[in-house]
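Inside the fold
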2 protein chains.
Amino acid sequence: MSRFAALLLASSITLMAQPRYTGDGQLMLPSDYREWVFLSSGLGMTYDSPNAPGMQMKPSFTNVFVNPAAYRSFLATGKWPDKTMLLLEVRASSSKGSINQGGSYQSDVVAIEGEVKDGAKFPGNGWAFFAFGKSNTGKMLARTQDCYSCHLQHGAVDNTFVQFYPVLIEIAKIKSTLTPVFIHESAGQR
Amino acid sequence: MSRFAALLLASSITLMAQPRYTGDGQLMLPSDYREWVFLSSGLGMTYDSPNAPGMQMKPSFTNVFVNPAAYRSFLATGKWPDKTMLLLEVRASSSKGSINQGGSYQSDVVAIEGEVKDGAKFPGNGWAFFAFGKSNTGKMLARTQDCYSCHLQHGAVDNTFVQFYPVLIEIAKIKSTLTPVFIHESAGQR
């Protein structure tokens, strides 16, 4: 197999990424998620008061990746298809190192979280959340966890925080796929 | 053509990305660079003193993307192949918006910069730097600009700041491709 054919095969595997689960229902971390499409990164983002306990610690970066087929589908439609996988990679921040003198750059992985749309597996709206920690299998979070209600109430598009993904929020506006609640909230903030 | 074949074709185009130039030598911004491999993001990074003039402004995020074929080559060898393209996307930061109360998330593109390895085109070590601003063509920076000497002196691997790309720095250590100067500097900082 030529070098290009090998690269193309690897691309096809990445493109065909589907959620896979262990026998006890944990989500398997895709080994190539760092080659998925990057949506955005935040530093020290918080939905609580920045003065709440714990918020004075060194902030973490949060990188969000999505499987490429879901990304391209979103570009075309403004919606997430079934089998969408979003992975949130939490990384520690450093400030001084090498020649860097200020601001923050990323260092080690602290934890990984996932949000998956799999209609056949998850009743209701099809979404489920998983916490990997530093493991390569992620335990599904209980339906009573805040993430479910918060994403449902505040996600700009279909249970996802597209409002923090600058390329995709513009697509959602064009395709008119923003949730009514998000449109209402945005109008109130202007 | 099936939907999957169309997606595979799009992947192949992304995989085959090569630097392209205008008649007057400007680098053309690849339209799909947001689907390239994300290396890391920083916020407010500075190689000058953080107290220098201008450093008190609202900090920007810096996302770095590389063409997928170059990324996979680096994973295999710890080195950048010819035709490597690194793009630095500078985005403004916001703090309060939607339900976010603290920290920083990314908003609009402020500017894009590029670093390209193209041995047939750029004599010496083959690297050249380009500034796009908000245009889709980037002007090559003069050889006298600081970026050339700084990357040559301080880049952990072959004129690039791999020390700020947490996945790749581990590869470079394993493959023993760190520059002698970087190894020496790192030892001094321990």
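Everything numeric in this text was worked out from a predicted model, so none of it was measured. (Residues numbered from 1 in each chain as written. Chains lettered and ligands numbered in written order. Predicted model: local features only at pLDDT ≥ 70, side-chain atom pairs only at ≥ 80, totals over all residues. Heavy atoms only, no water.)

1. Observations concerning the relation of the copies chain A and chain B
Note on the identical chains: chain A maps onto chain B by a rotation of 180 degrees and an axial translation of 0.0 Å, with an RMSD of 0.0 Å. With respect to symmetry, the two chain copies, as superposed, fit the operation of a two-fold axis. When you check the interface residues of chain A against chain B, 100% turn up at the interface there too, and the contact is symmetric in its surfaces. (Least-squares fit on C-alpha atoms with pLDDT ≥ 70 in both. Contact = heavy atoms within 4.5 Å.)

2. Some words on the interface of chain A and chain B
Across the boundary between the two partners, chain A contributes 54 residues, which contact 54 residues of chain B. In this structure, the connection of chain A to chain B is made through two salt bridges. Of the charged contacts, one joins Glu35(A) and Arg72(B) as a salt bridge, the two residues approaching to 2.7 Å between their closest N and O atoms. Here chain A and chain B share 20 residue pairs in polar contact (both at pLDDT 80 or more) between them. Going through the elements one at a time, α1 (3–15), β2 (37–46), β3 (60–66), α2 (68–77), β5 (102–117), α3 (146–154), α4 (166–175) and α5 (180–189) of chain A are the ones with two or more residues in the side of chain A that touches chain B. Partitioning the side of chain A that touches chain B into residue classes produces 26 nonpolar, 22 polar and six charged. Inspection of the sheet shows β2(A) paired to strand β5 (residues 102–117) of chain B by two bridges, in the antiparallel sense. Pairing of Leu43(A) across the sheet is with Ser104(B), part of β5(B). (Salt bridge = Lys/Arg side-chain N within 4 Å of Asp/Glu carboxyl O. Polar contact = N/O pair within 3.5 Å; in protein donor to acceptor, adjacent residues only side chain to side chain. Helix = DSSP H or I, 4+ residues; strand = E, 2+ residues; numbered from the N terminus. Nonpolar A, V, L, I, M, F, W, Y, C, P; charged D, E, K, R; others polar. Pairing = 2+ DSSP bridges.)

3. Regarding the confidence of the model for chain A
One rule of thumb: low pLDDT means the predicted coordinates there are not for detailed reading. When pLDDT is averaged along chain A, the result is 92, and 95% of the positions lie at 70 or above. Complex prediction metrics read pTM 0.94 and ipTM 0.93. (pLDDT = per-residue confidence, 0-100.)

4. A closer look at unusual backbone geometry
All names here are of chain B. One non-glycine residue with positive phi stands out, namely Asp158, at about 40 degrees. Positionally, Asp158 belongs in the loop between α3 (146–154) and α4 (166–175). One non-glycine residue, Ser176, lies in the positive phi region at around 55 degrees. With respect to the element layout, Ser176 can be found in the loop between α4 and α5 (180–189). Look at Ser176 and you get exposed, because its relative accessible area is 63%. (Buried < 20%, exposed > 50% of the residue type's maximum accessible area, 1.4 Å probe, protein only.)

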